Amino acid sequence: MTDQQFFRIFAIVSLIIVFIAIIIGILSNIFASYSVHPSENYKSLNQENEITRTAPSGRVNLASNPSIEQAVAVVEERESICDSMEGEFTTHEVKMLNESSSGAMVFEPSFIKINTCDSINFEMVDAGHNAETVAAPNGSVPFNTMYEKTTVIQFDTNGLYLYQCAPHAMMAMAGIIEVADSNNLDQIKTEIENFETNVMIPEVKSRISDLLNNNVN
Ligand SMILES: [Cu+2]
């Protein structure tokens, strides 16, 4: 084979690979647009409210439902207990950052303890992050900030919530919220183990289990 033949074959093979990659990209975009997150549906129900209520059932609860549609139906029927609760509720801040003193791709603070019916304003300081439920107490409604600049979510169900940034979950971009108590500690421990099996960066492999152990007894 001459050099010229070799380079011709090389060029053709490269073109074919690029072509296949483009096709895969287009197909995955098409499939992604068909999947609807239940919180999107929930959000539309509350559009006139500034606050999108949370009751993350998360993946744990969704998995126990036969279909996403049924899970959404459960969410639609549910009313927040905060409407009938007296008291001053606080809104806390959680920032989504590319870089901070505690590392790359982080929520800050990554652990936060709040009272029942307090809210969290998720602020996307750096672009390209979201905050979405991984696991949460039974009866709560899943949330997803959908790459909005700011999203306020109210938490009306007590317990521990594990949430992640979807694009950076492999870099251990996740956080824990404790609403009043830690009644579902065992559930969250198991979910953190699952989450950490997918973390690809050895340095941050135990970031979230450390976070739990340092903050929740
Ligand atoms: Cu992120």
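Look up a bit, the structure's there.
Novice: Help me out: how do you make sense of the sheet that holds strand 6 (residues 132–135) in this one?
Specialist: Backbone-to-backbone hydrogen bonds pair the strands of a sheet. The strands run either parallel or antiparallel. Sheet architecture is open: four strands sit in the order 4-9-8-6, paired in mixed fashion. At either margin of the open sheet sits one strand with a lone partner, and together these are strand 4 (111–114) and strand 6. Here the strands of the sheet are splayed against their neighbours by 30° on average, with no regard to which way each runs. Summarising the sheet, strand 4 and strand 9 (residues 174–179) pair through four bridges and their orientation is parallel. Looking at the pairing, Phe111 lines up with Ile176 of strand 9. Across the sheet, helix 5 (residues 185–197) is in contact with strand 6, strand 8 (159–164) and strand 9; its angle to strand 8 comes to roughly 15°.

Novice: Would you mind going over unusual backbone geometry with me for this structure?
Specialist: Leaving glycine aside, a negative phi is the common case for residues, and trans is the common case for peptide bonds. With an omega dihedral of -5°, the bond running from Glu108 to Pro109 counts as a cis peptide bond. On the secondary structure map, Pro109 appears in the loop between strand 3 (103–108) and strand 4. Residue Met105 is not a glycine yet carries a positive backbone phi of 55°. Looking at the element boundaries, Met105 is found in strand 3.

Novice: Explain the environment of Ile120 to me, please; I cannot follow it from the model alone.
Specialist: Its place among the elements puts Ile120 in strand 5 (residues 119–124). C-alpha of Ile120 to C-alpha of Glu93: the two residues are 27 residues apart in sequence and 5.7 Å apart in space. The residues contacting Ile120, other than those within four sequence positions of it, are His92, Val94, Ile112, Ile114, Ile153 and Ile177.

How each quantity is defined
By convention here, each chain's residues receive numbers from 1 onward along its written sequence. Per-residue local features are limited, in this predicted model, to residues with pLDDT of at least 70; the limit for side-chain atom pairs, both in listing and counting, is 80 or more; totals at the level of whole chains, interfaces and linings are taken over all residues. A strand pair is defined by DSSP finding two or more bridges across the two strands. Strands are runs of DSSP state E lasting at least 2 residues, helices are runs of H or I lasting at least 4, and numbering of each runs from the N terminus. Fitted lines through C-alpha atoms give the axes, limited to the stretch in contact for helices. The angle between two N-to-C directions lies from 0 to 180 degrees. By the criterion used throughout, residues are in contact when their C-beta atoms, derived from the backbone, lie within 7 Å.

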